[in-house]
Protein chains: 2
Amino acid sequence: MKGPLAPSRGPLRAVGLHQVQITGGFWARRQAVNGTATIEHCAAWLDRLGWTGNFREPLATPRRRGREFSDSEVYKLTEALAWETARPGGAGHRALAEDLAALAGGAQESDGYLHTGFGRDGQPPRYSDLNFGHELYCAGHLLQAGVAAARTGVAPQLLDVARGAADHACAQFAERGFCGHPGVETALVELYRVTGQERYLAQAAAFVARRGQRSLPEHEFGWRYFQDDTPLRKARVFAGHAVRALYLACGAVDVAVETGDDELLGAVRSQFARTLARRTYLTGGVGSRHLDESFGEDFALPPDRSYSETCAAVATVMLAHRLLLATGDLTYGDVAERVLHNVIAAAVADDGRAFFYAHTLHQRTPAELAPAGHEQLRFGGGQRAPWFEVSCCLTNTARLVASLGTYVATEDDEGVQLLQYAPMRLDAAGLRLEVATGYPDAGDVTVTVLEAPPQPRTVTLRIPAWAGGGSHVERRVFAPGEQIRLDLPLRPRWTFPDPRVDAVRGCAAVEVGPLVMCAESVDQEDGVALDEVQVDTAVAPEAGAVKGRTLRPAERDWPYRRNPETPERPEPVVVPLVPYHRWARRGPSTMRVWLPTIPS
Amino acid sequence: MKGPLAPSRGPLRAVGLHQVQITGGFWARRQAVNGTATIEHCAAWLDRLGWTGNFREPLATPRRRGREFSDSEVYKLTEALAWETARPGGAGHRALAEDLAALAGGAQESDGYLHTGFGRDGQPPRYSDLNFGHELYCAGHLLQAGVAAARTGVAPQLLDVARGAADHACAQFAERGFCGHPGVETALVELYRVTGQERYLAQAAAFVARRGQRSLPEHEFGWRYFQDDTPLRKARVFAGHAVRALYLACGAVDVAVETGDDELLGAVRSQFARTLARRTYLTGGVGSRHLDESFGEDFALPPDRSYSETCAAVATVMLAHRLLLATGDLTYGDVAERVLHNVIAAAVADDGRAFFYAHTLHQRTPAELAPAGHEQLRFGGGQRAPWFEVSCCLTNTARLVASLGTYVATEDDEGVQLLQYAPMRLDAAGLRLEVATGYPDAGDVTVTVLEAPPQPRTVTLRIPAWAGGGSHVERRVFAPGEQIRLDLPLRPRWTFPDPRVDAVRGCAAVEVGPLVMCAESVDQEDGVALDEVQVDTAVAPEAGAVKGRTLRPAERDWPYRRNPETPERPEPVVVPLVPYHRWARRGPSTMRVWLPTIPS
């Protein structure tokens, strides 16, 4: 039973949904909450806001509810329902999936077009706003839901709806045009992988190739926002709207893999590498601008106005896994580990019913809670909200977390590659393995072979870069009961930024294994303000705290003066730390990841 | 002949437009270009875009051109025409002013309502969008144009149009409601000062008092954006959209002065003081966020994403002068000096036909020029543009620069207070003075008394804070030919930020007198990248350059590492500097105001 990503070729193969069961610990808890509370929460909100209802009785504007992309929320939820229902140990949602699939089918036009916001009486015409209509973007999520339905057997009839929409898109966009928001490209390739229909692959390739000629209608945000300023093959780095750029990159990798286009694959690899080297936050989050949810310039990485949209993190995990499968390079697992443990893990409330849209690394003032009944308005971060007017993130994490098992390992003819560490049972390459670990809180990993074939097999464990990098490889004819052990050193460490990252000059952060740490106001000593503390990097960080001093800066009329400020009577202080993914779970607070340091 | 601001009471009095002529130097050049090229440029663009034409044949949507505030551009231009025509040495634009006044009158409804975008067939109803309709905002600029027309005698009939609009607004908003964008408050008070009609003052006071109860319809930007989250009297600091906050503060000061409301005046004073201490850029610019053109939190002052809208700078000068007149505190002249010399002076191209909307303090990559014909799109800074889709700034600087003479001095019964330094002739308090100076390039100021009454008079010269602060005061019976000399030390100085300003930690800037300096790429030695330089603050800055070293950071896969980066082979370098207001006048370039320093 394949998962969301099943390339036809490549040095490593994706594992299927049924091959992995995460059995305990950090991610099992999240999968459990995701598969029950979060899914119910999404379904209830989509219903309450009328986004599901749009399908039920297709309504003409202005009675249709939600924005141009609200249809896609229903599709992402359906995709999540399929993965969750089918994954080993998942909760069952077959009936709801069937309902939503039936609604989608019922709203589909006879020519395959499906979008509840265009084309009907009183609505704008189809494809009248390629910049922001999101029609193909929605279709892309429909296609991915159809793929999930087909692969899992949960509401499998959705595949036909997806095929109708894909056929329509291929006819409509045979010669020219593309959507302002990428996403359909990667979906079309996956649909090709399910159906064998070559025209879906050809259409995806065409969409990728057409972008970059400034052919979209002009918009104040500029062509770069839409990745329409430079042909993808010629771009040096990811730019523009972060989620658009990442979904497009996913599609380009999918096209490259299926068509054997090494130049295109190489282009995306080097753009991603440069983006990681110059445009990525310590948490793995990307997107530095609130204005247009976009990448900033190289090294423009302000921690306070960090955008790091949750959807961009989902897309980064998707892209990293595509590149890992396409290249065999396990260091892409480092990227996924960082993003999973610091953005995805931070995104959702413990009860699964609230989430962050954007992820700050520096909360200066405690968040104001949205007044009851006003939850949909984006109240600027600092507390997770039950929903947002633009609410793409929770259904996105829902589908990712439900299918997480397909991201934690890979296989090939020789054996198994363990990419992420969590207690799990794994069946691949003829091996049945049990993984026990306290990760990410402890660094011990024990792989027990439960079953093995009589031929040699290779078991490869990714060693994270922070633990030295490389792989631990064991190859032999394994016998049941044999164990492979890895001990990853989880000592807290200081992390310093490249001097070109202006916004965190003179600061340091603390990491422990894969976890970025932060200082949160609720843990600090009385009277210690996080914005008036300097930490002492000459002293190794302890588990859970670092040493420093308080500044108590003088209050003056003007913050720029002839002499640098030296603290008058600095007092020593201990600064407790918690994992960044735990912040904002104990009420409104202030928080810093990057801590000013005592000048040496 | 009064200027734009003429309070009825206060320790200091505004000088009239006819009392001051700036005769040479920095500001005279700008006034000359402003009064000819810039005014013609604005008139031509308003005509070309149809914003003037909207008045000519009031058109129903969608044929009406421009955004909800385009009417106000015509009014601000008319105001500028009046000041320019009437100021000593100004260019004549009486005919154009008459034309525009006639157009405004012709578009006014019989009940006094005037806005070309609401209320007609196919248009949204009047006052159907208080958040963003900008109807009273436009009326405010109409009123200010009417005041200018009345005081200068240039198209004086515009006063009647303004009165009709004011009477309508007072009737319509007698009981409740206010505009999402302040501006009408300060205008109503000035109209009261011209006409004596008490209801205009009462209405302004009501508008100020009503704000802050969260009564505007909800919007994603939140009530703070509109200064509707907290009553003005209770606010601690300026917050939300910067221009809105500043225009509202102007109106509040005007109301406070005319009604003797010391509490209200004190509230604005302390909010402004806190804003200067915590939320203002070194240039005097305000507004740290592109997303909503708003103030950021305290000390959130990123130089790269500095917004510092030109209109916010105009409003800051307006506010500072109101507070100076209301309190007699000449240090408000320091604020105006900083903003005038570093934001207003930077805003407009040398030929007067292009301008900055927002003012960055850190340009990382050279600007891309907008393609010809696409000038109206906001192309993100770095080069001044001929126009913008939202184009409030150039007509705003036009009216400010045309009336600049009324901001450079004040008077009272005892004498004259010289606030800003420029070659000028000044008639006030019975004195006729000639000021000679090389300011801001040289610090010499010579005031020659041409005529004086036979009674004692006081001549007060503001000493800028950077020169030690305070005033130079001479009081006696002056004789013609007597001179008063001031020598302000214009040595370059290092400036260091408060340690709480995260984004420029570890940096220093250079100032010379009132001028903030910057490093621009076009002046640097070959191969020296501004983002790879550290400057040596142990060495005093020379005129025009500082010493430093180049970093040449290693290129790595990930910009966060276990050890702070120390330059491998730093090379000494000289970093030439130019005044910030001169940047981006020699083609696309990179630029920094805040320069990373060699750690001590």
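Conventions used here
Numbers given to residues run from 1 along each chain, matching the order in which its sequence is written. Ligands are numbered from 1 and chains lettered from A, in the order in which they are written. Per-residue local features of the predicted model are confined to residues with pLDDT of at least 70, and side-chain atom pairs are confined, for both listing and counting, to 80 or more; whole-chain, interface and lining totals are unaffected and use all residues. The side-chain values count all of the structure's non-hydrogen atoms but skip hydrogen atoms and water molecules. Strands are runs of DSSP state E lasting at least 2 residues, helices are runs of H or I lasting at least 4, and numbering of each runs from the N terminus. One less than the number of residues in a helix, times 1.5 Å, gives the span that helix is expected to have. In this scheme, the bend at a residue equals the angle between the axes fitted to the seven residues that finish there and the seven that begin there. A 1.4 Å probe rolled over the protein chains alone gives each residue an accessible area, and that area as a share of the maximum for its type sets the label: buried under 20%, exposed over 50%, partly exposed in between. Working convention: axes come from line fits to C-alpha atoms, limited for helices to the stretch in contact. Angles between N-to-C directions cover 0 to 180 degrees. By definition in this entry, angles of less than 35 degrees are roughly parallel, angles greater than 145 are roughly antiparallel, angles of 65 to 115 are roughly perpendicular, and the rest are oblique. Here a crossing is called left-handed whenever its near helix is offset anticlockwise from the far helix by less than a right angle, and right-handed whenever the offset is clockwise. Two residues form a contact once any of their heavy atoms are found within 4.5 Å. Buried area counts how much accessible surface, traced with a 1.4 Å probe, disappears from two parts once they are put together, with both parts' losses summed. Here, a salt bridge means any Lys or Arg side-chain nitrogen found within 4 Å of an Asp or Glu carboxyl oxygen. Classes in brief: Ala, Val, Leu, Ile, Met, Phe, Trp, Tyr, Cys and Pro nonpolar; Asp, Glu, Lys and Arg charged; the others, Gly included, polar. DSSP-based pairing: two strands are paired if at least 2 bridges between them are found.

- Going by an unreviewed UniProt entry, chain A carries the name Glycoside hydrolase family 127 protein and comes from Dactylosporangium salmoneum.

Quick notes on helix H12 (residues 332-347) of chain A
Residues and elements named next belong to chain A.
Part 1 of the reasoning: Here H12 is 16 residues long and its end C-alpha atoms lie 21 Å apart, about the 22 Å a rise of 1.5 Å per residue gives.
Part 2 of the reasoning: The largest bend in H12 comes to about 35 degrees, at Leu340.
Part 3 of the reasoning: Of all 16 residues making up H12, 16 are buried, and the element is well covered by its neighbours.

Observations concerning helix H5 (residues 135-152) of chain A
Residues spaced three or four apart along an α-helix point in a common direction, a consequence of the helix completing one turn every 3.6 residues.
All names here are of chain A.
Part 1 of the reasoning: Between the first and last C-alpha of H5 there are 26 Å, a value that for 18 residues agrees with the 26 Å anticipated at 1.5 Å per step.
Part 2 of the reasoning: Burial within H5 is extensive, with 17 of its 18 residues counted as buried.
Part 3 of the reasoning: Positive phi shows up at Gly153, right after H5, with a value of about 75 degrees.

What to know about the packing of helix H9 (residues 242-259) of chain A against helix H10 (residues 262-278) of chain A
Residue and element names in this part refer to chain A.
Part 1 of the reasoning: Running from amino to carboxyl end, H9 crosses H10 at an angle of 150 degrees, the nearest separation of the two axes being 8 Å. Compared by their axis directions, H9 and H10 come out roughly antiparallel. Seen from above, H9 lies across H10 with left-handed handedness. Each of Ala249, Ala252, Val253, Val255 and Ala256 in H9 lies in contact with H10, whose residues at this interface are Leu264, Leu265 and Val268.

Here's the deal with the interface of chain B and chain A
Part 1 of the reasoning: Between chain B and chain A, the contact holds 65 residues from the first and 64 residues from the second.
Part 2 of the reasoning: Contact between chain B and chain A buries roughly 5700 Å² in total, counting both sides, with carbon and sulfur atoms accounting for 49%.
Part 3 of the reasoning: With a shortest N-O distance of 3.1 Å, Glu555(A) and Arg278(B) are connected by a salt bridge.
Part 4 of the reasoning: Counting residues per element, the side of chain B that touches chain A draws most heavily on strand S12 (residues 493-497) of chain B, at five residues.
Part 5 of the reasoning: Residue classes in the side of chain B that touches chain A are distributed as 26 nonpolar, 10 polar and 29 charged.
Part 6 of the reasoning: Strand direction decides the pairing type here: strand S12 (residues 493-497) of chain A and strand S17 (residues 560-561) of chain B, joined by two bridges, are antiparallel. Counterpart to Pro497(A) in the pairing with S17(B) is Tyr560(B).

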